[in-house]
Amino acid sequence: MTTGEPLIVLDSVNKWFGPLHVLNDVSLSVGRGEVVVVIGPSGSGKSTLCRAINRLEPITSGTITFDGRPLPAEGKALAKLRSEVGMVFQSFNLFAHKSIVQNVMLGPVKVRKEKPAVVRERAMALLDRVGIANQADKFPAQLSGGQQQRAAIARALAMQPKAMLFDEPTSALDPEMVGEVLEVMTSLARDGMTMVVVTHEMGFARHAANRVIFMADGQLVEDAPPSEFFANPRSERARDFLSKILTH
């Protein structure tokens, strides 16, 4: 499944927000084609970890490398890195005044200077892939939350990234829309996309993850295959967390 050097490597990463130690000596590597799901209580540092990987959140100490290179601090190199790492947030961040297909085309045309005709074809194929090709010419406000999030996934994929980061992509959605977004993510995972997913959706963690990372208080407490983690968490923190969420 994974070959050669890992795609993403975090080594002794620390992050402070003032007196708050949000990432505490975190080391993690993600292989190519691997799906790593990060779970844990609120405030455990999950989102910060996710955002550090494409440097939306600069770190205080330690190193992060992507595809064998340290994360650039700024400028063109950082823009290039960001185009290689797709990101999907809780909020869809679509441009309200552009149609769905225009939203998906924007990155490749503006950042990569690709030909609009070529990009449009790819954008339509991606909208088809996430199941909303028939909504291409509508504006974000005309779509449901689930459709908007699927458009946001298509937009990230349009840059043909080497990895995808998902920061609680379903937490702002109505419950009946969660499934349609997780389905798209599961199909990406099956196709071998490298993914780091912060989520509360335990079903997704169980079925789609190669590894589950459990975080608490800024630390990486457990790192195990889902079958192992859910059946037999090693730490008290993880057992406590699972008993609270799996009984509801």
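Residues numbered from 1 in each chain as written. Predicted model: local features only at pLDDT ≥ 70, side-chain atom pairs only at ≥ 80, totals over all residues. Heavy atoms only, no water.

### A closer look at unusual backbone geometry
In step 1: Unusually for a residue other than glycine, Lys113 sits at a positive phi of about 55 degrees.
In step 2: Among the secondary structure elements, Lys113 is positioned in the loop between helix H3 (100-110) and helix H4 (116-129).
In step 3: With a phi angle near 45 degrees, Glu168 is a residue other than glycine that sits in the positive phi range.
In step 4: Its place among the elements puts Glu168 in the loop between strand E7 (163-167) and helix H6 (175-190).
In step 5: Relative accessible area serves as the criterion here: at 11%, Glu168 is assigned to the buried category. (Helix = DSSP H or I, 4+ residues; strand = E, 2+ residues; numbered from the N terminus. Buried < 20%, exposed > 50% of the residue type's maximum accessible area, 1.4 Å probe, protein only.)

### A short note on the pairing of strand E4 (residues 61-66)
In step 1: Bridging between strand E1 (residues 8-17) and E4 involves five bridges; their strand directions are antiparallel. Within the sheet, the bridge partner assigned to Asp11 lies in E4 and is Thr63.
In step 2: Pairing of E4 with strand E5 (residues 69-70), which is carried by two bridges, proceeds in the antiparallel orientation. Within E5, the position partnered with Thr65 by the bridge is Pro70.
In step 3: Counted along the chain from E4 to the antiparallel partner E5, the turn is two residues long, and its residue Asp67 has a positive phi close to 55 degrees. (Pairing = 2+ DSSP bridges.)

### Comments concerning the UniProt feature "domain: ABC transporter" (unreviewed entry) in the protein chain
In step 1: Summarizing the sequence annotation, UniProt attributes the feature "domain: ABC transporter" (unreviewed entry) to residues 8-242 in the numbering used throughout.
In step 2: Taken end to end, residues 8-242 is 39% helix and 26% strand, and its first and last C-alpha atoms sit 27 Å apart. (UniProt positions renumbered as here; feature names shortened; annotations may be inferred.)

### Remarks on helix H5 (residues 145-157)
In step 1: With 13 residues, H5 extends 18 Å from end C-alpha to end C-alpha; this agrees with the ideal 18 Å at 1.5 Å per step.
In step 2: Within H5, 13 of the 13 residues are buried, which leaves the element mostly enclosed by the surrounding structure. (Expected span 1.5 Å × (residues − 1).)

### Overview of the sheet that holds E5
In step 1: Strand order across the open sheet formed by four strands is E2-E1-E4-E5, with antiparallel pairing between neighbours. Strands at the two margins of the open sheet, each flanked by one partner only, are strand E2 (20-30) and E5.

### Thoughts on the pattern of salt bridges
In step 1: In total, this model carries 15 salt bridges according to the counting rule given.
In step 2: Here Arg129 ties to Asp191 by a salt bridge, and the two come within 2.6 Å at their closest N and O atoms. With Arg129 in helix H4 and Asp191 in the loop between H6 and strand E8 (194-198), this residue pair connects regions lying 62 residues apart in the sequence.
In step 3: When its relative accessible area of 36% is taken as the criterion, Arg129 is described as partly exposed.
In step 4: Classification of Asp191 by relative accessible area gives exposed; the value is 56%. (Salt bridge = Lys/Arg side-chain N within 4 Å of Asp/Glu carboxyl O.)

### Details of the side chain of Glu222
In step 1: Structurally, Glu222 is set in strand E10 (residues 219-224).
In step 2: Buried and without a salt bridge, Glu222 has Arg234 as its closest oppositely charged side chain, separated by 4.4 Å.
In step 3: Separated by 2.9 Å, the side chain of Glu222 and the backbone nitrogen of Arg234 make a polar contact.
In step 4: A polar atom in the side chain of Glu222 sits 2.5 Å from the backbone nitrogen of Ser235.
In step 5: Not counting residues within four places of it along the chain, the set of residues in contact with Glu222 comprises Val212, Ile213, Phe214, Phe229, Pro233, Arg234, Ser235 and Ala238. (Lys, Arg positive; Asp, Glu negative; His and termini not counted. Polar contact = N/O pair within 3.5 Å; in protein donor to acceptor, adjacent residues only side chain to side chain. Contact = heavy atoms within 4.5 Å.)

### Regarding the packing of H3 against H5
In step 1: Where H3 contacts H5, the two axes come as close as 7 Å, and the packing angle between them is 30 degrees. Relative to H5, H3 is oriented roughly parallel. Here H3 and H5 pass one another in a crossing that is right-handed. Every residue of H5 that contacts H3 at Ile100, Asn103 and Val104 is listed here: Ala151, Ala154 and Arg155.
In step 2: Here the residues of the contact of H3 with H5 are counted per class, giving four nonpolar, one polar and one charged. (Axes fitted to C-alpha atoms, helices over the stretch in contact; angles between N-to-C directions. Parallel < 35°, antiparallel > 145°, perpendicular 65-115°, else oblique. Left-handed = near helix turned anticlockwise from the far one by under 90°. Nonpolar A, V, L, I, M, F, W, Y, C, P; charged D, E, K, R; others polar.)

### With respect to the packing of aromatic side chains
In step 1: Going through the model one piece at a time under the given rule, you end up with three aromatic pairs.
In step 2: Considering the side-chain rings of Phe229 and Phe230, the 5.3 Å spacing of their centres and the 80 degrees angle between planes classify their relative orientation as edge-to-face. Each member of the pair, Phe229 as well as Phe230, carries the same accessibility label: buried.
In step 3: Here the aromatic residues Phe214, Phe229, Phe230 and Phe241 are joined through ring pairs into a cluster of three or more.
In step 4: Positioned over the ring face of Phe230 is Arg206, at 4.6 Å from the centre of the ring. (Phe/Tyr/Trp six-rings, centres within 6.5 Å; stacked < 30°, edge-to-face > 60°. Lys NZ or Arg CZ within 6 Å of the ring centre and 35° of its normal.)

### Quick look at H4
In step 1: Taking 1.5 Å of rise per residue, the 14 residues of H4 would be expected to cover 20 Å, and the 19 Å separating its terminal C-alpha atoms lies within 8% of that figure.
In step 2: Within H4, burial applies to Val119, Arg122, Ala123, Leu126 and Leu127. The buried residues of H4 occupy an angular sector of 140 degrees when the element is viewed end-on, so they sit on one face. For H4, the exposed residues lying more than 90 degrees away from the buried face are Ala117, Glu121 and Asp128.
In step 3: Those residues of H4 hidden inside the fold are in contact with H3 and H5.
In step 4: A positive phi of about 85 degrees marks Gly131, the residue just after H4. (Arc of directions from axis to C-beta.)

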